[in-house]
Amino acid sequence: MSDLLVQLESAFGGHSPLSYIHSPEEERILRALTALSAKLGAAAPLCWSCLGGLGNYADTQEPVAALRKVIQEDLRGFIVFLDLAPFMQAPEVVRALREAYLDGQDKADRHIILLCAELNLPEALKKEIELVEVMPPAEDEIGVLVQKLNQEAKQDLIKEEAVREITLALKGLTENEVWHILRRATASGKTSQEELLDEIFAEKKSVVKKSGFLEFSPPRWSIDELGGLDNLKDWLRRREKIFSREALAAGVPIPKGLLMMGVSGCGKSLAVKTISSLWNIPLFRLDMNLVFSGMYGSPEEAFHRALKTIEAVAPAVLWIDEIENALGLDESGRNLASHIFSSFLTWMQEKPPLIFIAATANKIQALPAEIIRKGRFDEVFFCDLPTAIEREEIFRIHLQRNRADLEEFDFKMLQVMTEGWNGAEIEQAVISARTDAFYEERPFTQRDLNRVIGKIVPLSDTMEQQIKSIRSWAFSRATPASKFGKAASKRL
Ligand SMILES: Nc1ncnc2c1ncn2[C@@H]1O[C@H](COP(=O)(O)OP(=O)(O)O)[C@@H](O)[C@H]1O
Ligand SMILES: [Mg+2]
């Protein structure tokens, strides 16, 4: 028995006069409901759509007429309403649903199901309607699709070894999407594991793009381009294989997430961007400004949809940058969007295991204690200003990226000249020095750097007080991201 059938059986095994299945997969769910009816010895599901009406009953295109028909004819079994979500604003539809609910209360073998891609529960019926969230195809169902493809082709288009790996990557997509990818890839001769994985990544990217507020961040950054922050890098490297099939098969627990907080410009966002290439899973940034913009419905609804979308493309990393703004927290940690905040916390607690959350925060005092509490994130790292040795490392990374000859630079001197600087300022200095040299058509040297370093006033000069207070706040609450850790926080 497929996982879906088990799930539906447990949802409809008890008495549920009115249920709402939130899923875009009409055909797949109708198929499973048909199988479930057969198993229970009931008639096949009866469907209503706004064009066809209710089964063969005449004049039932109107939702109210159809719901009344169910009562009048005392229909039993699964009665599935396919297009009802948009009609739910109408008071007469809400009333007819309530009538059907009351009428069905003593009829254990009548299940009225609203099957909709969007979630639109009328406030007045929230207590009566049972919500059923259906997971996308599990590995067994995906396996069936691969078999079907091989059977149609009368050969093993997708080889046994590749099947095991791609099944995991295909998880989270709908049955139609899985089928579409498999057909498209194999029709163009892409049947190796690598080619299939590329196709799957591309499909996930496009699924997410349609949602509007999740942005795909390409796996362009290597962890070697992040200077210092050794404890953090070590934590990430140790979990490099966490999303691999072996680790999942062995039941190694998947970490929930990581929160990086601290002084701005020290590489927190960059660290998140390196996760995707290190762990080989897609990274999506949630644009909370768009969630709050109202362009996608109420912020609560948009946020819920964003979380559902990310679940649909798992395994994935969900990146929430500057979480203090994202969660609508003001300077004092007072919560301006408490619905969103509490639903986020609950979601984090129960979130599907194949999502890893990477969050960053600059205004860390604004973070409420609940979010830092143990059990939410696996680790909370504090990113401080880089130490002298770390600054040298960051200089080397950016000089190399800007194709400078490293032999030409005096790193001891650079260390001394940039006391209190952050990584972003080091990068800025290297870029302006290079630009100056390029303009004067010379190779770029230490002298160019000396000149620009003299002109840059680091943030830590003007924000000494704030940085001190960030440090003392983080001291007891977070693990230092740098291996020089707490010793370094005595500076300034
Ligand atoms: N530790 C670092 N190693 C290398 N580059 C860094 C580092 N910290 C900052 N940078 C440079 O500064 C830029 C901005 O840093 P960012 O990650 O956005 O800082 P934060 O998110 O902590 O404010 C990065 O894209 C990178 O080029
Ligand atoms: Mg940042």
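Because the structure is a prediction, the values reported are computed rather than measured.

1. Brief notes about the overall build of the chain
Next up, step 1: Of the regular secondary structure elements, the chain holds 23 helices and 13 strands.
Next up, step 2: Taken over the C-alpha atoms alone, the chain extends approximately 90 × 60 × 45 Å along its principal axes.
Next up, step 3: Each of the 492 residues in the chain was classed as buried or not, and the buried ones make up 36%.
Next up, step 4: Long-range pairs, those at least 24 residues apart, make up 78% of the contacts in the chain with a sequence separation of at least 6.

2. Details of the site of ligand 1
Next up, step 1: Looking at ligand 1, there are 17 residues lining it, with Gly227, Gly267, Lys268, Ser269 and Gly423 nearest.
Next up, step 2: The set of elements that each furnish at least two residues to the shell around ligand 1 consists of helix H11 (268-279), helix H17 (388-401) and helix H19 (423-439).
Next up, step 3: In terms of residue class, the shell around ligand 1 is made up of seven nonpolar, eight polar and two charged.

3. Quick look at the packing of helix H6 (residues 160-170) against helix H8 (residues 193-211)
Helix packing for two helices is described by the angle between their axes and how far apart those axes are.
Next up, step 1: For the pair H6 and H8, the least separation of the axes is 10 Å and the interaxial angle reads 10°. Accordingly, the angle class assigned to the pair H6 and H8 is roughly parallel. From H6, Ala162, Glu165, Ile166, Ala169 and Leu170 reach across to H8, where they touch Gln193, Leu196, Leu197 and Ile200.

4. What to know about the sheet that holds strand S12 (residues 379-383)
Paired through their backbone hydrogen bonds, the strands of a sheet run either parallel or antiparallel.
Next up, step 1: The seven strands are arranged S7-S9-S10-S11-S8-S12-S13 in an open sheet whose pairing can be described as mixed. Single-partner strands in this sheet number two, and they are strand S7 (214-217) and strand S13 (479-480).
Next up, step 2: In this structure, S12 lies alongside S13, joined through two bridges in parallel fashion. Looking at S13, one finds that phenylalanine 382 is bridged to proline 480.
Next up, step 3: Against the sheet, helix H13 (residues 299-312) touches S7, strand S9 (283-286), strand S10 (316-320) and strand S11 (355-361), its axis set at about 35° to S7.

5. Things to note about the sheet that holds strand S4 (residues 77-81)
Next up, step 1: A sheet is described by the order of its strands in space; here six strands give the open sequence S3-S2-S4-S5-S1-S6, paired in mixed fashion. Both edges of this open sheet fall to strand S3 (53-54) and strand S6 (130-133), since each of them pairs with a single strand only.
Next up, step 2: Relative to S3, strand S2 (residues 46-49) is paired through two bridges, and the arrangement is antiparallel. Residue pairing for S3: tryptophan 48 is matched across the bridge by leucine 54.

6. Points about the domain arrangement of the chain
Next up, step 1: What the domain assignment lists for the chain is domain 1 (3-133), domain 2 (139-208), domain 3 (217-383) and domain 4 (388-456).
Next up, step 2: Here the C-alpha centre of domain 3 lies 37 Å away from the C-alpha centre of domain 1.

7. Section: the packing of helix H5 (residues 139-153) against H6
Next up, step 1: Viewed as axis vectors pointing N to C, H5 and H6 meet at an angle of 120°, and their least axial separation amounts to 10 Å. Comparing their axes, H6 and H5 come out oblique. In the packing of H5 onto H6, the handedness of the crossing is right-handed. Contact residues: H5 offers Glu139, Ile142, Gly143 and Val146, while H6 offers Val163, Thr167 and Leu170.

8. Observations concerning H8
Next up, step 1: Here H8 is 19 residues long and its end C-alpha atoms lie 28 Å apart, about the 27 Å a rise of 1.5 Å per residue gives.
Next up, step 2: Along H8, the residues that are buried comprise Leu196, Glu199, Ile200, Glu203, Lys204, Val208 and Ser211.
Next up, step 3: On its buried face, H8 is in contact with H6, helix H7 (175-187), S7, S9 and H13.
Next up, step 4: Of the residues trailing H8, glycine 212 is marked for its positive phi of about 95°.

9. Considerations on the environment of glutamine 428
Next up, step 1: As for its placement among the helices and strands, glutamine 428 is situated in helix H19.
Next up, step 2: Looking at glutamine 428, the number of C-beta atoms within 10 Å reads 16, which means it is partly exposed.
Next up, step 3: A C-alpha to C-alpha distance of 59 Å links glutamine 428 and glutamate 128, two positions 300 residues apart in sequence.

10. Structural notes on unusual backbone geometry
Next up, step 1: Here aspartate 74, not a glycine, exhibits a phi torsion of approximately 50°, which is positive.
Next up, step 2: Within the chain, asparagine 280 stands out as a residue other than glycine whose phi angle is a positive 65°.
Next up, step 3: The residue asparagine 280 is located in the loop between H11 and S9 in this model.

11. Some words on the nonpolar core
Next up, step 1: Phe284 and Leu318 are the most contacted members of the largest nonpolar core, which totals 77 residues.
Next up, step 2: The residues that make up this core include at least three from each of domain 2 (139-208) and domain 3 (217-383).
Next up, step 3: When residues no more than four places from it in sequence are discounted, the contact partners of phenylalanine 284 are Val208, Leu214, Glu215, Phe216, Ser217, Ile310, Ala316, Leu318 and Trp319.
Next up, step 4: By size, the runner-up hydrophobic cluster in this structure holds 30 residues, among which are Leu4, Ala66, Val70 and Val132.

Procedures and definitions
- Residues numbered from 1 in each chain as written.
- Chains lettered and ligands numbered in written order.
- Predicted model: local features only at pLDDT ≥ 70, side-chain atom pairs only at ≥ 80, totals over all residues.
- Helix = DSSP H or I, 4+ residues; strand = E, 2+ residues; numbered from the N terminus.
- Buried ≥ 20, exposed ≤ 12 C-beta atoms within 10 Å, placed from the backbone.
- Contact = placed C-beta atoms within 7 Å.
- Near = placed C-beta within 6 Å.
- Nonpolar A, V, L, I, M, F, W, Y, C, P; charged D, E, K, R; others polar.
- Axes fitted to C-alpha atoms, helices over the stretch in contact; angles between N-to-C directions.
- Parallel < 35°, antiparallel > 145°, perpendicular 65-115°, else oblique.
- Pairing = 2+ DSSP bridges.
- Domains from an automatic or database assignment.
- Left-handed = near helix turned anticlockwise from the far one by under 90°.
- Expected span 1.5 Å × (residues − 1).
- Core = buried A, V, L, I, M, F, W, Y, C linked by C-beta atoms within 7 Å.

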